[in-house]
Amino acid sequence: MIDDREIKEDLEEVMKKYDRESNVRIWEGTPAVIVRWVSALFSLYCIYVTLFSTAMPEVRLNMFLGLILIIGYLHYPIRKTTQRVNHIPIYDIIIMLAGVIPFFYFAFNAESIIKLALRVTSPRNPNYHMMITMAVLAILSTMELCRRCVGIPILCVVSLLMIYAFSTVRFGKVLYDLFYSTGDGLRSVPIEVCAKYIVVFIIFGAFLERTGISSFFINLANAIAGASAGGPAKVAVISSALCGMVSGSSVGNTVTTGSVTIPMMKRTGYKPEFAGAVEAAASTGGQIMPPIMGAAAFLMAEYMGIPYSQVALKAILPAVLYFAGIYIAVHLEAKKLGLKGIPKEELPRIIHLLPKIYLLLPLVILVIMVSTNMYTMQFSAAVAIGISILVGLFNSDERLTFRKIIDALEAGGRGTITVAVACAMAGLVAGCITSTGLASELITMVVNVSGGHAFIALVLTMICCIILGMGVPTTANYCIMAATCAPILMAPAIGIEKVCAHFFVFYFGIVADITPPVALAAYAGSAIAKASPMKTAFNATRLAIAAFIVPYIFAFTPAMLFENVEPVIEIANAGPLLTNILIALEIAVICATSLLGIFGVAAALNGYLFGQMNILMRVIICAGGLCMMIPGLMSDVIGLVLVGLVYAVQYMRRDLNPSL
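Residues numbered from 1 in each chain as written. Predicted model: local features only at pLDDT ≥ 70, side-chain atom pairs only at ≥ 80, totals over all residues. Heavy atoms only, no water.

**Comments concerning empty space enclosed by the protein**
Turning to step 1, where the next piece is worked out: According to the stated counting rule, one finds two cavities of 30 Å³ or more in the structure shown.
Turning to step 2, where the next piece is worked out: Empty space within the largest cavity amounts to approximately 50 Å³.
Turning to step 3, where the next piece is worked out: Of all the secondary structure elements, the ones that give two or more residues to the lining of the largest cavity are helix H16 (316–337), helix H26 (533–543) and helix H28 (576–606).
Turning to step 4, where the next piece is worked out: The class makeup of the residues in the lining of the largest cavity is seven nonpolar, one polar and one charged. (1 Å grid on protein atoms, 1.4 Å probe; cavity = no way out; pocket = protein on both sides within 12 Å on 5 of 7 lines; lining within 4 Å. Points joined across faces, edges and corners; volume = space filled by probe spheres on them. Helix = DSSP H or I, 4+ residues; strand = E, 2+ residues; numbered from the N terminus. Nonpolar A, V, L, I, M, F, W, Y, C, P; charged D, E, K, R; others polar.)

In structure tokens:
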């Protein structure tokens, strides 16, 4: 019989294989304690700075990046096969110092460097060679850390853009933009948002996980859906949606919740490749699940110039459609296979979970504080961290101890490395584009290729997001696409609205984790399910079909994102109250018809409703579903007729399958 230790080791191997962030150095004994405390103190430093520091950005951000390099090189070896215990080679120390010293030098001499402006990289500067050398070393050291913890694809993009920039613009000017300028390069919007907001929320997520909320979510999902047909798959959908918004990692969430749900699904009767796909698709969708939505949500708020609470609000309907599509698909699959649920006597009862409802308190208070703009986002996150500690102290099953608090701080610091480095690379991309004026050329090129047709431009953007997102964290993918492709979509010749353009690139950056050929979350699920990786990836793509359809719909009809919603009924001289009621009614109609639409699409892909559907029925119900997902009275009526027609025919034939 396999014991818990062997299972844990197997899961760690899966993480190391598919999650680059898990390939870290092995520290034991005193060195492990030192590295642990360095990471924990870094988290405390970040919390302090984001709440209380009044230092100029050149000081704060340089210190932040310098510390990121220190803990980054302490954790990530030159290659993942380098696994010597308590060993960091001298060349890693040299590379680390080569990057850290320039950042710290800039931080301590910020005022004098700022006064020099462009002269800092001019040959007329007496310290020209030193300033150029420091900029080059800092950039190269950061790029090398990116290779270790993020991956090659994003580095290829950065390298190509830098080669183009250095070949078209003066060398010193490019280096100034990439390293010494605050508006562009390493200290542009992405790293500013990371240091100011994201790091505190990453630390909050680490504390929240240690309160035992993941176990609560899984038990809650079991209590809600475990007894229904194909219950374990539905449990996977619900628990992964809830846990995923906390973890912020599709691969990590797949392995964590999948270690419980995938074996349950297989025992129930689901095929291994389907079980792995359900978990991968649901875990990937956790990153679009409000209110946390992963780190990219804060960057979206900054790029779009709207409050974070509005970003979370606009993400609600697409997220609901995404998970509804998966939930309906697994339900229909269970009905088709005649699968049962988990016996009720083996499931937790909701009444027994109510005493643990206080575990949700940190999330509830965070949402209230952020949505009401009561305090700043970083202060709200800090308060939520404090409440998480308090809540954890009362959870007798997984009580939060001092050791767990240090673990959370360490995990928060370690989790910041990848996001910060990815944001730094996104800053280099933006800096190169700004220095060269490449943005206008890209817009012209895409407009020419697409012939000015928005749909073709959207397809090209989707392909770019998926290719770039293969093996790249969502945050990095979004930052780059926000700097390159989102402006293209917003160009007058294409005409996609700002909010819709940014949500479009955000969603397709996420689905790269389940889209073949490099679908890391699906491959992680297949490893646990002992299934074919490619079959699992294709099943996951089919289950997550909403993520491939919905972005196109809201790109052309922003009402799906609750943007530019017009009253469903026009009434002359309607007062503000009546107008708001009519708008609320229109939003309710959009939500209801969209859900019916995703039901039609899911049924068509599954090929089963009350019985097997022939190809004609599948085409009709799919067309009807798509019509209903497009906001508009005419499309809703057509869609309702088509879906209703197939539903009625299938319902009348239900006697062919009495089990339904």
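**Re the packing of helix H14 (residues 296–304) against helix H24 (residues 498–510)**
When two helices pack together, their arrangement is given by the angle between their axes and by how far apart the axes lie.
Turning to step 1, where the next piece is worked out: Orientation of H14 relative to H24, taken along the N-to-C sense of each, is 155°, at an axis distance of 10 Å. Regarding the angle of H14 to H24, the classification is roughly antiparallel. H14 and H24 meet at a crossing whose hand is right-handed. Within the contact between the two elements, H14 uses Ala-296, Met-300, Tyr-303 and Met-304 and H24 uses Lys-498, Val-499, His-502, Phe-503 and Phe-506. (Axes fitted to C-alpha atoms, helices over the stretch in contact; angles between N-to-C directions. Parallel < 35°, antiparallel > 145°, perpendicular 65-115°, else oblique. Left-handed = near helix turned anticlockwise from the far one by under 90°. Contact = heavy atoms within 4.5 Å.)

**Remarks on the confidence of the model for the protein**
Turning to step 1, where the next piece is worked out: Across the protein, the average pLDDT comes to 83, with 91% of residues at 70 or higher.
Turning to step 2, where the next piece is worked out: Here helix H1 (residues 4–18) stands out as the element of the protein with the lowest mean pLDDT, 58, in contrast to helix H4 (residues 90–108), whose mean of 95 is the highest. (pLDDT = per-residue confidence, 0-100.)

**Some points on unusual backbone geometry**
Most peptide bonds are trans, and most residues other than glycine sit at a negative phi.
Turning to step 1, where the next piece is worked out: Even without being a glycine, Ala-117 presents a positive backbone phi close to 55°.
Turning to step 2, where the next piece is worked out: We classify Ala-117 as partly exposed; its relative accessible area is 30%.
Turning to step 3, where the next piece is worked out: Phi at Lys-530 takes a positive value of approximately 55°, unusual for a residue other than glycine.
Turning to step 4, where the next piece is worked out: By secondary structure assignment, the location of Lys-530 is in the loop between helix H25 (520–529) and H26. (Buried < 20%, exposed > 50% of the residue type's maximum accessible area, 1.4 Å probe, protein only.)

**Some thoughts on the packing of helix H9 (residues 189–209) against helix H20 (residues 402–436)**
Turning to step 1, where the next piece is worked out: In the contact formed by H9 and H20, the axes pass within 8 Å of each other and the chain directions differ by 150°. What the angle tells us is that H9 and H20 run roughly antiparallel. Of the two elements, H9 crosses H20, and the hand of that crossing is right-handed.
Turning to step 2, where the next piece is worked out: Each residue belonging to the contact of H9 with H20 can be placed in one class, and the counts come to 18 nonpolar, four polar and no charged.

**Brief notes about the nonpolar core**
Turning to step 1, where the next piece is worked out: With 212 residues, the main nonpolar core has Tyr-180 and Phe-503 as its most contacted residues.
Turning to step 2, where the next piece is worked out: Here this core gets 18 residues from one element, more than from any other, and that element is H20.
Turning to step 3, where the next piece is worked out: Excluding residues within four positions of it along the chain, Phe-503 makes contact with Met-300, Met-304, Val-311, Lys-314, Ala-315, Phe-554 and Leu-561. (Core = buried A, V, L, I, M, F, W, Y, C linked by side-chain atoms within 4.5 Å.)

**Digging into H25**
Turning to step 1, where the next piece is worked out: Across the ten residues of H25, nine count as buried, placing the element largely inside the fold.
Turning to step 2, where the next piece is worked out: When H25 is considered as a whole, its buried residues turn out to be Leu-520, Ala-521, Ala-522, Tyr-523, Ala-524, Gly-525, Ser-526, Ile-528 and Ala-529.
Turning to step 3, where the next piece is worked out: Trailing H25 by a residue or two, Lys-530 shows a phi angle of about 55°, which is positive.

**Side note on the packing of aromatic side chains**
Turning to step 1, where the next piece is worked out: Summed over all chains, the structure comprises 26 aromatic pairs.
Turning to step 2, where the next piece is worked out: Here the aromatic rings of Tyr-322 and Phe-323 are separated by 5.2 Å at their centres, their planes lie at 75°, and the arrangement is edge-to-face. Here the two residues Tyr-322 and Phe-323 agree in accessibility, since each one is buried.
Turning to step 3, where the next piece is worked out: Geometry around Phe-179 places Arg-187 over its ring, the cationic atom sitting 5.0 Å from the centre. (Phe/Tyr/Trp six-rings, centres within 6.5 Å; stacked < 30°, edge-to-face > 60°. Lys NZ or Arg CZ within 6 Å of the ring centre and 35° of its normal.)

**Topic: the layout of surface pockets**
Turning to step 1, where the next piece is worked out: In this model, the second largest pocket occupies a volume close to 370 Å³.
Turning to step 2, where the next piece is worked out: Forming the walls of the second largest pocket are 19 residues, and the residues nearest its centre are Leu-442, Cys-464, Thr-484, Cys-485 and Ile-488.
Turning to step 3, where the next piece is worked out: Those elements giving two or more residues to the lining of the second largest pocket turn out to be helix H7 (152–168), helix H21 (438–450), helix H22 (454–469) and helix H23 (474–490).
Turning to step 4, where the next piece is worked out: Across the lining of the second largest pocket, the residue classes tally to 17 nonpolar, two polar and no charged.

**Focus on the pattern of salt bridges**
Turning to step 1, where the next piece is worked out: What the rule picks out here adds up to eleven salt bridges.
Turning to step 2, where the next piece is worked out: The residue Asp-92 makes a salt bridge to Arg-148 at a minimum N-O spacing of 2.6 Å. Separated by 56 residues along the polypeptide, Asp-92 in helix H4 and Arg-148 in helix H6 (residues 128–149) bring together distant segments of the chain. Considered together, Asp-92 and Arg-148 belong to a single accessibility category, that of buried residues.
Turning to step 3, where the next piece is worked out: Asp-177 is the salt-bridge partner of Lys-173, the closest N and O atoms lying 2.6 Å from each other. With a gap of four residues between them, Lys-173 and Asp-177 both fall in helix H8 (residues 171–180), about one helical turn apart.
Turning to step 4, where the next piece is worked out: By sharing partners, the salt bridges in this structure join Arg-25, Asp-92, Glu-144, Arg-147 and Arg-148 into a single network. (Salt bridge = Lys/Arg side-chain N within 4 Å of Asp/Glu carboxyl O.)

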